[in-house]
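Each chain, written out:
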Amino acid sequence: PQQFYDDLQSTLKESINGKQVSDPNGLLGLCYQVEDNIKLPNLVVHFTGADVVLPPTSTFIQVSEGTICLTFVPSDDIAIFGNLSQMNFLIGYDLINQKLSFLPVDCTKY
């Protein structure tokens, strides 16, 4: 939702030490110039019964040379835990108990 996104964006702005820039494609809201000293935080997504730690490679994407952007966008209509957030995780589906599990893995090793 928009309010959640606004709060997340505000918190990230306080914790990221980089130079904020605009998305050259005009699609994403929080973007930074890539610099050697930029430090991006892990984000923790809290699900009922599980917390999933997402590294910056799962939450920021390079949109052009020298520019990275947060891949989350606000929507009051639908919530999607997107494919970038699921990258480098094995997702388990327990159909009997109706539960999901997230196991961090390095998919480049397979």
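Up top is the structure.
Quick caveat, the model's predicted, so the values are computed rather than measured.

1. Describing the state of the cysteines
- The full count for this structure, using the stated rule, is one disulfide.
- Between the sulfur atoms of Cys31 and its disulfide mate Cys69 the distance is 2.0 Å. The sign of the 105° torsion about the S-S bond sets the Cys31-Cys69 disulfide as right-handed. Residue Cys31 is located in strand β2 (residues 31–33), and its partner Cys69 is located in strand β6 (residues 67–70); the two are separated by 38 residues in the primary sequence.
- Using a relative accessible area of 0% as the deciding quantity, one classes Cys31 as buried.
- What makes Cys69 buried here is its relative accessible area of 0%.

2. A short note on the pairing of β6
- Burial of the side chains of β6 extends over both faces: Thr67 and Cys69 are buried on one face and Ile68 and Leu70 on the other.
- As paired elements, β2 and β6 share three bridges and run antiparallel to each other. Paired with Tyr32 across the strands is Ile68, a residue of β6.
- Bridging between strand β5 (residues 60–64) and β6 involves four bridges; their strand directions are antiparallel.

3. Quick look at the side chain of Gln9
- Position of Gln9 relative to the elements: it lies in helix α1 (residues 2–15).
- The buried category is assigned to Gln9, whose relative accessible area is 15%.
- For Gln9, the contacting residues outside a window of four places in its chain are Gly29 and Leu30.

4. Some thoughts on unusual backbone geometry
- The phi angle at Asn88 is positive, at roughly 65°, despite the residue not being glycine.
- Mapped onto the fold, Asn88 is located in the loop between α2 (83–86) and β7 (89–94).
- Asn88 sits in the partly exposed class, given a relative accessible area of 26%.
- If you check the backbone angles, Gln98 has positive phi at about 55° while not being a glycine.
- Residue placement: Gln98 occurs in the loop between β7 and β8 (99–104).
- Accessibility expressed as a relative area gives 72% for Gln98, which makes it exposed.

Cut-off values and rules
Every chain's residues receive numbers from 1 upward, in the order its sequence appears when written. Local features are withheld for residues below a pLDDT of 70 in this predicted model, meaning they are given only at 70 or higher, and side-chain atom pairs are given and counted only at 80 or more; totals for whole chains, interfaces and linings count all residues. Computation of side-chain values covers all heavy atoms of the structure but excludes hydrogens and water. Count a disulfide wherever a pair of cysteine sulfur atoms falls within 2.5 Å. Working definition: helices are DSSP H or I runs of at least four residues, strands are E runs of at least two. Numbering for both runs from the N terminus. Summary of the burial criterion: residues with accessible area below 20% of their type's maximum are buried, those above 50% are exposed, and those between are partly exposed, where the area comes from a 1.4 Å probe applied to protein chains only. One requirement defines pairing of two strands: DSSP has to find at least two bridges between them. Here, two residues are considered to be in contact whenever any of their heavy atoms come within 4.5 Å of each other.

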